[in-house]
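Fold and geometry: a report
So you can see what is in the structure, the chains are spelled out below.
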Amino acid sequence: MKQKDQFDNLEKHTQWGIDVLEKFIKFVKERTEIELSYAKQLRNLSKKYQPKKNSREEEEYRYTSARAFLATLNEMNDYAGQHEVISENMTSLITGELTRYVQELKQERKSHFHDGRKAQQHIETCWKQLEASKRRFERDCKEADRAQQYFEKMDADINVTKADVEKARQQAQLRHQMAEDSKAEYSSTLQKFNSEQHDHYYTHIPHIFQKIQEMEERRIVRIGESMKTFAEVDRQVIPIIGKCLDEITKAAESIDHKNDSQLVIEAFKSGFEPPGDVDFEDFTQPMKRTVSESSLSNSRGDGKSEPKFGGKSKGKLWPFIKKNKGAGPEDFSNLPPEQRRKKLQQKVDELNRDIQKEMDQRDALTKMKDVYIKNPQMGDAASVDHRLAELGQNIEKLRLEVQKFEGWLAEVEGRLSMRSEARRQSGLYEAQNPSAVNSCAQDRESSPDGSYTEEQSQETEMKVPATDFDDEFDDEEPLPTIGTCKALYTFEGQNEGTISVAEGEMLYVIEEDKGDGWTRIRRNEDEEGYVPTSYVEVYLDKNAKDVYKSLEKISE
């Protein structure tokens, strides 16, 4: 029984050891799932913030800070890959190996305890045989003793016949012989049992216990090695993760604030001339008051009155105006001069690249056609004629587009160079005649697209002082109508100085296009402003136009 109790205890302990292994396997498996999930989330995060193709975000990555962020995203993608490596290595080196080992361990444990139970059953069987032999020997001895007493009793009785006495004697001898045989059998069984018991306790059971001990020690060593592997798998990726972090640090250190600031300056440089100094207006001498040099209104010399909005005089567009929503005109005339020049140059470069692609395709097809002509078995030379014709037409169309945009580009660059020259001459004049500059007003006009047109009078010519009649006209009298117009398209006038019109609406024209692409119109006494000339169909009144031109000449 004591031996059986020991087997039960060992069986429970070894089962607990297997449970520990399985628990560790489950722990590692859940860790691998966490690593995979984390890696997936990191990859999704990196992908989420990657720039979209053909989007505005791609333009933003010309800045060093944006490129550093992109590098960080890419490194995080590699960082996620290392967590996938952790998951894969733990699965193959720990989870898979331990799972197979647990199955082998269960089979080995089952075999050892089967041998133990078999040995226990064998010794118990031997013991039972010994007990049976012992009881049989004891019974035969008692029977022989009773038979001997019965024979002696019969032999002493004179009334018993000789035959009965003989019979009792023979029975006593038989019982005595049976007792001797039982004794011999019991002695042999006892000797055998003692030998089996010695082998059981000194050979078989110790051997089984030794195997169980070795099995348990191997299990303990194996779980320890697996725990080391668990740490080593993490340690192996630390250098690569450190490299990823180093690259992120390197990307952060590559950020150049000066370069980014310069890119912003180049991207949004307008080319507008800053307004001049504001002149002092002496209201004690109204007849000598001049128009402010920096005012965005038109000078008196032009005879152009400012539009009236709600009875208050407003200038035209300020250089820093809000851009129109939606697609702009093809020639980018809605942009400031410098921005327009950049856009036109980009368009010319883009078209030239397209032409080069088409020409490369044409050259390749021409070479293919020559090969077909020399080797008809390789293909039909006439099969590429249609494509060559298409390429020729495409190249011609693209060249016409290039010519058109180059013309606009030359016009813009010419204006910018003329403006620079005018500023240089104006600065030279101001340096030579500072008093004359302070007493005269420069004529400056801002068009609704945000660009300036400057009409400078002779450098030494003084402006005529404004009269009381001019003041009264500015404040009270609106510009006369010179015709009507019909809106061909709906226009949302969101910039200062513009006016919204609806398709088909009829309005009054108060100032025709001066070459800047804008026409000044009026809806009623309080609503007037500029609209793109291409958005309206103008019907000028000849008499009113003549009167308007006469007023301009008189004011000049």
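The structure contained in this document is the topic of the report that follows. These figures come from a predicted structure and were not determined experimentally. (Residues numbered from 1 in each chain as written. Predicted model: local features only at pLDDT ≥ 70, side-chain atom pairs only at ≥ 80, totals over all residues. Heavy atoms only, no water.)

A look at the side chain of E511
As for its placement among the helices and strands, E511 is situated in strand 6 (residues 506–511). Side-chain polar atoms of E511 contact the side chain of Y530, separated by 3.1 Å. (Helix = DSSP H or I, 4+ residues; strand = E, 2+ residues; numbered from the N terminus. Polar contact = N/O pair within 3.5 Å; in protein donor to acceptor, adjacent residues only side chain to side chain.)

Comments concerning the sheet that holds strand 6
Note on sheets: strands pair through backbone hydrogen bonds, and any given pair is parallel or antiparallel. Spatially, the five strands line up as an open sheet ordered 8-7-6-5-9, and their pairing is antiparallel. Every other strand in the sheet has two partners, leaving strand 8 (527–532) and strand 9 (536–540) as the edge strands with one partner each. Here the average twist between neighbouring strands, direction ignored, is 40 degrees. Strand direction decides the pairing type here: strand 5 (residues 483–487) and strand 6, joined by four bridges, are antiparallel. Bridging across to strand 6, T484 finds its partner in Y508. (Pairing = 2+ DSSP bridges. Axes fitted to C-alpha atoms, helices over the stretch in contact; angles between N-to-C directions.)

What about a nonpolar patch on the surface?
Residues L45, Y49 and F69 make up a contiguous nonpolar surface patch of about 280 Å² in total accessible area. You can see L45 is positioned in helix 1 (residues 2–48). With relative accessibility at 43%, the residue L45 sits in the partly exposed group. (Patch = residues over 30% accessible without salt bridge, like charges linked within 9 Å, V, L, I, M, F, W, Y side chains within 5 Å. Areas by Shrake-Rupley, 256 points an atom, 1.4 Å probe, with all protein chains shown as cover. Salt bridge = Lys/Arg side-chain N within 4 Å of Asp/Glu carboxyl O. Buried < 20%, exposed > 50% of the residue type's maximum accessible area, 1.4 Å probe, protein only.)

With respect to the packing of aromatic side chains
Inspection of every chain in the model, using the stated rule, returns 11 aromatic pairs. Seen from their ring centres, F405 and W408 are 5.2 Å apart, and the 90 degrees between their planes marks the pair as edge-to-face. Separated by three residues within a single helix, F405 and W408 lie in helix 7 (residues 385–432), roughly one turn from each other. Classification of F405 by relative accessible area gives buried; the value is 1%. A connected cluster of aromatic rings, assembled from ring pairs, spans Y489, F491, W518 and Y535. The ring of Y101 has R222 lying over it, and the distance from NZ or CZ to the ring centre is 4.7 Å. (Phe/Tyr/Trp six-rings, centres within 6.5 Å; stacked < 30°, edge-to-face > 60°. Lys NZ or Arg CZ within 6 Å of the ring centre and 35° of its normal.)

Focus on the environment of N495
Along the polypeptide, N495 turns up in the loop between strand 5 and strand 6. In this structure the C-alpha to C-alpha distance between N495 and Y530, which are 35 residues apart in sequence, comes to 9.7 Å.

Some points on the nonpolar core
The tendency in soluble globular proteins is for nonpolar side chains to be buried side by side. Formed by 28 residues in total, the largest nonpolar core has its most connected members in L21, F24, V28, M90, I94, L98 and L105. Contributing elements (two or more residues each) for this core: helix 1, helix 3 (64–156) and helix 4 (162–253). Counting residues per element, this core draws most heavily on helix 3, at 11 residues. For M90, the contacting residues outside a window of four places in its chain are V28, R31, T32, T95, F230, V233 and D234. Judged by nonpolar contacts, the second largest core, of 13 residues, contains C485, A487, I499 and V536. (Core = buried A, V, L, I, M, F, W, Y, C linked by side-chain atoms within 4.5 Å. Contact = heavy atoms within 4.5 Å.)

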